[in-house]
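What the coordinates show
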Protein chains: 2
Amino acid sequence: MKGSAIRELLKLTESPEIISFGGGMPAPEVFPVDAFRAATERVLLKQGKQALQYSATEGYRPLREWIAKKMATYGIESAPENVLITSGSQQALDLLGKVLINPGDLILTEKPTYLGALQAWRAYQAEFTTVPMDQDGLQVNLLEEALTAGPKFMYILPNFHNPGGVTLSLERRRKLIEFSDRYGVPIIEDDPYGELRYEGDHLPPLVVIDSEQCRNRPGRSIEKSSYYDESKPANGNGRAYMRGNVIYLSTFSKTLAPGLRLAWVVAPVEVIERCTVAKQGMDLHTATLNQLIAHEILTGGADGDDFLKGHVRLIRDVYRERRDVMLTAMERHFPPQVKWSYPAGGLFLWVTLPKYLDAAALLTEAVARKVAYVPGSAFHPAGDGHNTLRLNFSFCNPEKINEGISRLGEVFSEAIERHEGMSTEDAFSTLQATI
Amino acid sequence: MKGSAIRELLKLTESPEIISFGGGMPAPEVFPVDAFRAATERVLLKQGKQALQYSATEGYRPLREWIAKKMATYGIESAPENVLITSGSQQALDLLGKVLINPGDLILTEKPTYLGALQAWRAYQAEFTTVPMDQDGLQVNLLEEALTAGPKFMYILPNFHNPGGVTLSLERRRKLIEFSDRYGVPIIEDDPYGELRYEGDHLPPLVVIDSEQCRNRPGRSIEKSSYYDESKPANGNGRAYMRGNVIYLSTFSKTLAPGLRLAWVVAPVEVIERCTVAKQGMDLHTATLNQLIAHEILTGGADGDDFLKGHVRLIRDVYRERRDVMLTAMERHFPPQVKWSYPAGGLFLWVTLPKYLDAAALLTEAVARKVAYVPGSAFHPAGDGHNTLRLNFSFCNPEKINEGISRLGEVFSEAIERHEGMSTEDAFSTLQATI
């Protein structure tokens, strides 16, 4: 394990004079602080002793029921037994690593991919194979070669990719599930931002497409699935327990608040049971108080079950504006040699500089002008992608976004000018010196 | 990893008709619910946005400062940089396993030892060697042989042992530290109950004795210590950073509330830094809200910095009474063949049945009479200790303790009568059949 770029950058952003596009932080202005105050007061008045006591490793049952019901609105027939509450999605990644990865196992990810997953899984001595993305997400036509190398599982962020900013098209989702089925390689679907769509139609999660295919071709899919458990075909309500090849992760960090550390795994019962045993050795259970507060906010306020729907609408409006401000500012301030992805939702943009520039080296110049980002190599398992970087557009207000992008534009323009001022020979020796 | 006795028992205790001495739960009656309500309201009013946002992996700085100051009252010269906040002590065990254990590493524990540590470290393929305890704790005179086998570290619970209920004497603490120094084997000192002493004098933690020996014999200790880092001799206040061979763990679970999942590691800076990197891959950070609430309770109420002192006094009074009720009831109801430890503090008693009885088999009979405990073999790395069991005296009120101990007395007496009614030959074949 090595020290992390994200951690160092989170420290940077603590200095208020830096305009940070580095972290992945929600805008604090949209935190529902009053709803938290009211819900916490109700929880401590009505369930104070329960809220402060130890609780079950699987999570608070009513919250698991709420999540199973929510998943049903996506078309997933899951029961509370298919849901495990985790201390943030980062813990879900860690515990899936603990349960699934043996030293030397190969994991297939998009290129680039989420840094936190690399950190979690490197600790279990995983190795990585990658498939590149374009504006429609993972390039599924390049998948087959990587699958023949025998990865343990695929790690996919289909919506508003972190860090890529792109979304996997419906057609590619279907093809991906077909490949998963054909090669018997399960998928971990990480969907922290799915609700934060600013335009276009919601696309079905991979887990939904997979479960439809399970129904259509039961013999084949189930036989290949590592997760199907014939002994548990149905729960008490007569609904089928979920089965299939996809483990689905989501979180309250981007819709309620990240400071709660509250997320969940949806998976076949057999996977949930193994994860529960692992989680017990990791932190016994996620904080009881936080689970009760979240459940109370989601169900117990004046809006009843509609609180989240309304609150997410507010977040979408704020972040859509910030995205648009950033895109407009980039058009204005970035030199034409710089390219970027167009995010239909989420929190991030992916920027590609000319190949001869190094985003990590330029970060020093950026920080000198009091603006920060994450260099792209951190998101590449093999450490390449030196000319790429990630920008977050959710945290800073529009004024700061304009100012920060203008400063970054200066940094990039000057670097390109310096390069173009050099002879080819000079450029080559500069490149040599930086290797 | 295998399914856990603790988890199954926590489930049992959810049924209100069972008198459970099984879990390790605090009495909900002593939870400071009103202090939590007031502190949470103040935090959300004054620091709402900060409380709901991501925060640093190391923990909330003012809480780390409070803990460093508290450690100083024990005589430990630690700085906030020596403190890492964890999501319960269970996470501290998991992350120390991640940082320190390679597959096949040997770990030295007391016999019996804390089940959660075995669970956490078995996931890293640790192996265990044990040294038995008596009423004065670890039998230090038997330590040397186990040390020559080359353990990676020793795991010691010096105060009011879980599950043993005994306390390591001062003389043995000194000898233990000498052995640690002589063999260069570091110690993880787990001290969740240190403040819950019901009689006698507070004994210095191992980490204090170790740091005194570091000062007295610097050349030798420091040379051997894996944690001393010469490049960081002092912090900004001119105080020496902690150094030495002991990693100290404690928690707010037994003094404030376990539902917060809030604990800490105190260790040399180098250890804290490695643990911080590991923790980042595990859950990014412990819930911000919970850390701010704890800090506010500890410092911001009407009692100022004295809240915990007063609250711990209340807990001691309640638990001392329950311990005494349980001890008196055991004298009255348990047959003379049954022996138990005398706890000067903490939450647990350790019971030893005659060798021919199996506590796991008798649990079925106990649960049939609606009373529960944890069979002792779960606390033995090698799975022995079949005739031992753990009783918790903090959770049930005195009336239930009396009733539950009376029922257990019946179970044990009947089992002994059954055995004594058998001929020696019968007993032998019963024993054979259970192996």
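Residues numbered from 1 in each chain as written. Chains lettered and ligands numbered in written order. Predicted model: local features only at pLDDT ≥ 70, side-chain atom pairs only at ≥ 80, totals over all residues.

Moving on, we get to the overall build of chain A. Within chain A, the secondary structure is distributed over 15 helices and 14 strands. Residues classed as buried in chain A amount to 53% of the 435 residues present. A separation threshold of at least 6 residues defines the contact pool for chain A, and within that pool the share at least 24 residues apart is 75%. (Helix = DSSP H or I, 4+ residues; strand = E, 2+ residues; numbered from the N terminus. Buried ≥ 20, exposed ≤ 12 C-beta atoms within 10 Å, placed from the backbone. Contact = placed C-beta atoms within 7 Å.)

Of the transformation placing chain B onto chain A, the axial shift is 0.0 Å and the rotation is 180 degrees, giving an RMSD of 0.0 Å. Both chain copies can therefore be described as sitting about a two-fold axis. Counting the interface residues of chain B, we find that 100% of their copies in chain A are interface residues as well, pointing to one common contact surface. (Least-squares fit on C-alpha atoms with pLDDT ≥ 70 in both.)

This part takes up the pairing of strand β3 (residues 106–111) of chain B. Residues and elements named next belong to chain B. With respect to burial, β3 is a largely interior element, 5 of its 6 residues being buried. Here 6 bridges tie β3 to strand β4 (residues 127–134), and the two strands are oriented parallel to one another. Opposite Leu-106, over in β4, you have Glu-127 as the bridge partner. For the crossover from β3 across helix α5 (residues 115–122) to β4, the handedness is right-handed. Note that β3 and strand β6 (residues 153–156) share 3 bridges and pair parallel. Within β6, the residue paired with Leu-108 across the bridge is Met-154. (Pairing = 2+ DSSP bridges. Right-handed = clockwise from strand over helix to strand, strands pointing away.)

With that settled, the discussion passes to helix α14 (residues 398–421) of chain A. Between its terminal C-alpha atoms α14 of chain A stretches 34 Å, which fits the 34 Å expected from 24 residues at 1.5 Å a residue. Every buried residue of α14 of chain A is listed here: Ile-401, Gly-404, Ile-405, Leu-408, Val-411, Phe-412 and Ala-415 of chain A. (Expected span 1.5 Å × (residues − 1).)

Residue and element names in this part refer to chain A. For chain A, the domain assignment lists domain 1 (5–24 + 309–434) and domain 2 (49–299). Taken together, the contact pairs 27 residues of domain 1 with 25 residues of domain 2. Secondary-structure elements contributing two or more residues to the side of domain 1 that touches domain 2 are α12 (307–333), β11 (348–352) and β14 (388–392). For the side of domain 1 that touches domain 2, the element with the most residues is α12, which contributes 7 residues. (Domains from an automatic or database assignment.)

Right, let's talk about the sheet that holds strand β11 (residues 348–352) of chain B for a bit. Residue and element names in this part refer to chain B. In spatial order, the strands read β10-β11-β14-β13; together these 4 strands make up an open sheet with antiparallel pairing. Either end of the sheet is taken by a strand with one partner, and the two such strands are β10 (339–340) and β13 (374–375). Across 5 bridges, the pairing between β11 and strand β14 (residues 388–392) is antiparallel. Bridge pairing links Thr-352 to Thr-388 in β14.

Here Asn-162 of chain A and Pro-163 of chain A are connected by a cis peptide whose omega angle stands at 10 degrees. As for its placement among the helices and strands, Pro-163 of chain A is situated in the loop between β6 (153–156) and α7 (170–183). The amide bond that connects Lys-111 of chain B to the next residue, Pro-112 of chain B, takes the cis arrangement and shows omega of 0 degrees. Even without being glycine, Arg-261 of chain A reaches a positive phi, approximately 50 degrees. Relative to the assigned elements, Arg-261 of chain A resides in the loop between β8 (246–251) and β9 (263–266). With 31 C-beta atoms packed within 10 Å, Arg-261 of chain A lands in the buried category. Unusually for a residue other than glycine, Leu-284 of chain B sits at a positive phi of about 65 degrees.

Looking now at the nonpolar core. In this structure, Val-265 of chain A together with Val-265 of chain B are the most contacted members of the largest nonpolar core, which totals 249 residues. Beyond its immediate chain neighbours, meaning those up to four positions away, Val-265 of chain A contacts Leu-84, Thr-86, Ala-92, Ile-247, Leu-249, Ile-272 and Cys-275 of chain A. (Core = buried A, V, L, I, M, F, W, Y, C linked by C-beta atoms within 7 Å.)

Where helix α4 (residues 89–100) of chain A contacts helix α10 (residues 269–283) of chain B, the two axes come as close as 5 Å, and the packing angle between them is 100 degrees. With respect to α10 of chain B, the axis of α4 of chain A lies roughly perpendicular. Contact with α4 of chain A, carried on its side by Gln-90, Gln-91 and Asp-94 of chain A, involves Gly-281, Met-282 and Asp-283 of chain B of α10 of chain B and no other residues of that element. Each residue belonging to the contact of α4 of chain A with α10 of chain B can be placed in one class, and the counts come to 1 nonpolar, 3 polar and 2 charged. (Axes fitted to C-alpha atoms, helices over the stretch in contact; angles between N-to-C directions. Parallel < 35°, antiparallel > 145°, perpendicular 65-115°, else oblique. Nonpolar A, V, L, I, M, F, W, Y, C, P; charged D, E, K, R; others polar.)

This brings us to the sheet that holds β14 of chain A. All names here are of chain A. An order of β10-β11-β14-β13 is seen for the 4 strands of this open sheet, with the pairing classed as antiparallel. Each having just a single partner strand, β10 (339–340) and β13 (374–375) make up the two edges of the open sheet. Bridge analysis of β10 against β11 gives 2 bridges, and the strand direction is antiparallel. Across the sheet, residue Lys-339 finds its bridge partner in β11, namely Thr-352.

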